[in-house]
Each structure stands twice: as structure tokens, then as C-alpha cells.
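Spelled out from the first residue to the last, the chains are:
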Amino acid sequence: MSDSLLPLRRLMQTLTERAQSRPEGSYTTKLMAAGTGKIGEKILEEAHELIEAADEPGDAGRQHFVYEAGDLIYHTLVLLAYRGVDLDEVAAELGRREGTSGLVEKANRNQTKTDQ
Ligand SMILES: N=c1c2ncn([C@@H]3O[C@H](COP(=O)(O)OP(=O)(O)OP(=O)(O)O)[C@@H](O)[C@H]3O)c2ncn1[C@@H]1O[C@H](COP(=O)(O)O)[C@@H](O)[C@H]1O
């Protein structure tokens, strides 16, 4: 992971600690106390906001888009930490897929279904 992505790893570390210790006065704790439904609701809400921001023009639009991506990624990481899954596991899954086109993977999946 390049240095510029270190804040992502530090955030995940913080969220993992939040999942374990559930300190008061933490937004993450509040989300985790509410459970998968609430965290999922926030992910959907933030995904919609990200998509809406995707076509905003200019530097301000780009900045807003990046801001919304941060919100979506934060909430997605909260769900991962809540479920006890680390970023390394997700990275490993993406590594497993590396070099296989989504089109090829889909064709293989459909072939497997036909064979069953
Ligand atoms: N990166 C984030 C982060 N990104 C977004 N958010 C929060 O996510 C919420 C976004 O939802 P909305 O815009 O809908 O705001 P809202 O109306 O207050 O949300 P709701 O009450 O409807 O849930 C805001 O409250 C943001 O402050 C974050 N909250 C925390 N972090 C990181 O998580 C760490 C731990 O945070 P706590 O657990 O709160 O201490 C912090 O130090 C930060 O590094």
C-alpha cells in the first residue's frame, strides 16, 4: 500500500477498535449499536449522494464528489469492522480477481450454472 493510502489503514484500525471497545461519544459506536440495518441504510444513502455528485462540473463538483466518496468508504469500512472483516481480507479477494476481466469471470460463472 502506498503511503498516501495509510490514512485508510489507520481509519480501519480505529474502526476495529471501536467495534471492540464501543466507546461513548463515538458516531461509529452509535452506528454499530444500531446494527447492520442502520449501517446498511447509511451506505445506501451515501451511495446515492456519491452518484448524484458524480456529474457535478468543475473543481467544486470534483471536490464534492471526493467528499461523498469519503463518506461512502467510511460507512463501508464501518460495516466491515462491525462484521470483523479487515481490509486485508478484501484486498486479498481483489488480488485473487486480479487479471481476470469481469466479462470472463461472468462467462465462467454462467458456464458453471449451465453445467450444474
Ligand atoms: N471518516 C469518518 C467519517 N466520515 C463521515 N463521518 C460521519 O458520517 C456522518 C455522515 O452522515 P450524514 O452526512 O448523513 O450526517 P448525519 O445527518 O449526522 O448522519 P445521521 O445522524 O443521519 O446518521 C456524519 O456524522 C459524519 O461526521 C465520519 N465519522 C467518523 N470518521 C472517522 O472515524 C473516526 C472515529 O469516529 P468516531 O467513532 O465518531 O469517534 C474519526 O476519527 C474519523 O477518522
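Please read all numbers here as calculations on a predicted model, not as lab measurements. (Residues numbered from 1 in each chain as written. Predicted model: local features only at pLDDT ≥ 70, side-chain atom pairs only at ≥ 80, totals over all residues.)

A. How the structure looks around the overall build of the chain. A tally of regular secondary structure across the chain gives 6 helices and 0 strands. In the chain, the succession of helices and strands from N to C terminus is α-α-α-α-α-α. A compact globule built from 116 residues should have a C-alpha radius of gyration of about 13 Å, whereas the chain, at 17 Å, is more than 25% larger. Here the C-alpha coordinates of the chain stretch approximately 55 × 40 × 30 Å along the principal axes. Scored against the burial criterion, the 116 residues of the chain give a buried share of 9%. (Helix = DSSP H or I, 4+ residues; strand = E, 2+ residues; numbered from the N terminus. Rg over C-alpha atoms; globule rule 2.2 N^0.38 Å. Buried ≥ 20, exposed ≤ 12 C-beta atoms within 10 Å, placed from the backbone.)

B. Region of the structure containing the nonpolar core. Among the nonpolar cores identified, the biggest contains 7 residues, and these are Leu15, Leu31, Met32, Ile39, Leu77, Val78 and Ala81. Those elements that provide at least two residues to this core are helix H2 (27-34) and helix H4 (58-83). Counting residues per element, this core draws most heavily on H4, at 3 residues. In contact with Leu31, not counting residues within four places along its chain, are Lys38, Ile39, Lys42 and Val78. (Core = buried A, V, L, I, M, F, W, Y, C linked by C-beta atoms within 7 Å. Contact = placed C-beta atoms within 7 Å.)

C. Local environment of the site of the ligand. Close to the ligand lie Leu11, Thr14, Arg18, Ser26, Tyr27, Thr28, Thr29, Lys42, Gly70, Asp71 and Tyr74. Secondary-structure elements contributing two or more residues to the shell around the ligand are helix H1 (6-21), H2 and H4. When grouped by side-chain class, the residues that make up the shell around the ligand number 3 nonpolar, 5 polar and 3 charged. (Near = placed C-beta within 6 Å. Nonpolar A, V, L, I, M, F, W, Y, C, P; charged D, E, K, R; others polar.)

D. Spotlight on unusual backbone geometry. The residue Arg22 is not glycine, and still its phi comes out positive at about 45 degrees. With respect to the helices and strands, Arg22 occurs in the loop between H1 and H2.

Coordinates in, geometry out; function isn't part of it.
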